[in-house]
Amino acid sequence: MKKTSELIWQDKQHQVLFELIDQIKTAEVDESVFRRLYDYAENHFTVEEEYMKQLNYPSLAQHIQAHNRFRDELDDMMEAHPHYDSHFRQALAEFLSNWLTSHIYGIDKKLEAFILKSTYK
Ligand SMILES: [Fe+2]
Ligand SMILES: [Fe+2]
């Protein structure tokens, strides 16, 4: 079977989320991890959205809507939990893991395939 090529920048960026989830689960976590999560999400979404715009991606609106839902839900979670206790860290890790399964292995994979077919990588 022919090995399918992968979009390196997107894979690498998604890998960062795995690392952040591991750090969030750790009891001795430095609170700066939450700021890094915010910055990471914003940077990553901006890159994907820029590619979709450049390529006139057919599902652009739907994909941006999904990113915006994540942005809103993350804001809500952070605001509802001013103290980053273990309960919060558990809930946040779960939310992010669900995002990995539903978004990254879902519509992000479709976007990847679309970008790989284009000349703009
Ligand atoms: Fe995405
Ligand atoms: Fe993504």
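Please refer to the structure placed before this passage.
Residues numbered from 1 in each chain as written. Chains lettered and ligands numbered in written order. Predicted model: local features only at pLDDT ≥ 70, side-chain atom pairs only at ≥ 80, totals over all residues. Heavy atoms only, no water.

Mapped onto the elements, Thr101 comes out in helix α4 (residues 86-117). For Thr101, a relative accessible area of 52% puts it in the exposed group. Along the backbone, Thr101 and Asp11 are 90 residues apart, and their C-alpha atoms lie at a distance of 14 Å. In terms of polar contacts, Thr101 uses its side chain to reach the backbone carbonyl oxygen of Ser97, at 3.1 Å. (Helix = DSSP H or I, 4+ residues; strand = E, 2+ residues; numbered from the N terminus. Buried < 20%, exposed > 50% of the residue type's maximum accessible area, 1.4 Å probe, protein only. Polar contact = N/O pair within 3.5 Å; in protein donor to acceptor, adjacent residues only side chain to side chain.)

The next thing to look at is the coordination of the iron ion (ligand 2). For a metal with four donors in a tetrahedral arrangement, the ideal angle between donors is 109.5 degrees, while six donors in an octahedron ideally sit at 90 or 180 degrees. Only His14 (NE2), His44 (NE2), Glu48 (OE) and Asp108 (OD) from the protein reach the iron ion (ligand 2) as donors, at distances of 2.1 to 2.2 Å. Classification of the site at the iron ion (ligand 2) as irregular follows from its four donor atoms and the range of 84 to 171 degrees in their angles at the metal. The sequence pattern describing where the donors of the iron ion (ligand 2) fall on their chain is H-x29-H-x3-E-x59-D. On the basis of relative accessibility, which here comes to 6%, the residue His14 falls in the buried class. (Donors = N, O, S within 2.8 Å, 3.2 Å for Na, K, Ca; no water. Tetrahedral: all angles 85-135°; square planar, octahedral: opposite > 155°, others 65-115°.)

Right, let's get into a negative patch on the surface. Taken together, the side chains of Asp72, Glu73, Asp76 and Glu79 define an acidic patch exposed on the protein surface. Relative to the helices and strands, Glu79 resides in helix α3 (residues 60-80). (Patch = residues over 30% accessible without salt bridge, like charges linked within 9 Å, V, L, I, M, F, W, Y side chains within 5 Å. Areas by Shrake-Rupley, 256 points an atom, 1.4 Å probe, with all protein chains shown as cover. Salt bridge = Lys/Arg side-chain N within 4 Å of Asp/Glu carboxyl O. Lys, Arg positive; Asp, Glu negative; His and termini not counted. Charge placed at Lys NZ, Arg CZ, Asp CG, Glu CD.)

So yeah, pure geometry; function would need other evidence.
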